[in-house]
Amino acid sequence: MTQPDAAQTSQQALQSSFSSEAGGVAAVFSGKAADYQAARPDYPLALLQHLRQGLPAAAHVVDLGAGTGLLSAGLLQQGLRVTAVEPSAAMRSAAEQALGQEPGFASSAGSAEATGLAQGCADLITAAQSFHWFDIEAARRECLRLLKPGAQVALIWNDRVREDPLQRELDALFDAFGGARRAAQKHHMGQGDEAERAGLPQFFGGAVPASLHWPHTHWLDEAGLASLAFSRSYIPARASDEGQILLGQLKQLFARFANGPKLAMRYRTLAVIGRPAE
């Protein structure tokens, strides 16, 4: 088992910067659920099919940090049973409203570190866009407790294609309006998406499995672009004075980059799949 390094220390510092607020990390997205569900991208079919391969019929997937259920929905469409684990009541409620009638769906108010689920219940564990919130050591132990023999964890990200002019301008707005939260995230995690994966060696025990990649495009209308911005944990509320100024700038951004009624947000979907260190 590898020891925590500077990357893990940085991840813990980021968590602390949000946990100091009332409600802690679980409350960060409490007012963001509707925007998150409206504008965050889903996941490519090729990824979902890859995750399905080799699993038994009606396999059980535990989706950690499931949010509003964007990945859970795709997993259900593959015929899998899914328990969406989400500590934010608002995000979990959105997932339950969207997926509660789907066969095989369940939800849990637990966290990646303490799911409340039965030992050895998981044929697969997934975590999409949520690994950087985890206490890596505690999450590693919990994953090992849940996994069946030989079962694995899939850590997944939709990385924005930051070299696109649209993405660069969007990042500039995030910097301008994100305030202390944005500054804390950039300080503790760095500029690139790789910083969000800095804890992988500790989670997997040093030898990180090879990553898999797929291109992915998500089309947004003007309202969707606004929701994408306001879904960020560090962006002020839409109704605030700053939020209204940002909304006006997002309208201008959409007008410059839209192709008809929508614009294309380009992503690279990445998955790292393996079993955590014992």
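These numbers come from a predicted model, not from an experiment.

With that out of the way, let us pick up the nonpolar core. Grouped together as the largest cluster of nonpolar side chains are 25 residues, with contacts concentrated most on Val62, Leu64, Ile125, Phe131, Leu155 and Phe203. For this core, the secondary-structure elements that each account for two or more residues are strand 1 (60-64), strand 4 (122-128), helix 6 (136-146), strand 5 (147-160), helix 9 (200-204) and strand 7 (263-274). In terms of residue count, the dominant contributor to this core is strand 5 (five residues). When residues no more than four places from it in sequence are discounted, the contact partners of Val62 are Thr83, Val85, Leu117, Cys121, Ala122, Leu124, Ile125, Thr126 and Leu146. By size, the runner-up hydrophobic cluster in this structure holds 24 residues, among which are Leu48, Val61, Leu76 and Trp214.

Let us look at empty space enclosed by the protein. Throughout the structure, instances matching the rule amount to one cavity of 30 Å³ or more. Considering only enclosed or pocket space, the largest cavity measures out at about 90 Å³ in volume. Lining the largest cavity are 13 residues, and of these Tyr36, Tyr43, Gly65, Ala66 and Ala128 lie nearest its centre. Counting only elements with at least two residues in the lining of the largest cavity, the list comes to strand 1 and helix 4 (70-77). Looking at side-chain class alone, the lining of the largest cavity contains seven nonpolar, five polar and one charged residues.

What counts, and where the lines are drawn
- Residues numbered from 1 in each chain as written.
- Predicted model: local features only at pLDDT ≥ 70, side-chain atom pairs only at ≥ 80, totals over all residues.
- Heavy atoms only, no water.
- Core = buried A, V, L, I, M, F, W, Y, C linked by side-chain atoms within 4.5 Å.
- Buried < 20%, exposed > 50% of the residue type's maximum accessible area, 1.4 Å probe, protein only.
- Helix = DSSP H or I, 4+ residues; strand = E, 2+ residues; numbered from the N terminus.
- Contact = heavy atoms within 4.5 Å.
- 1 Å grid on protein atoms, 1.4 Å probe; cavity = no way out; pocket = protein on both sides within 12 Å on 5 of 7 lines; lining within 4 Å.
- Points joined across faces, edges and corners; volume = space filled by probe spheres on them.
- Nonpolar A, V, L, I, M, F, W, Y, C, P; charged D, E, K, R; others polar.

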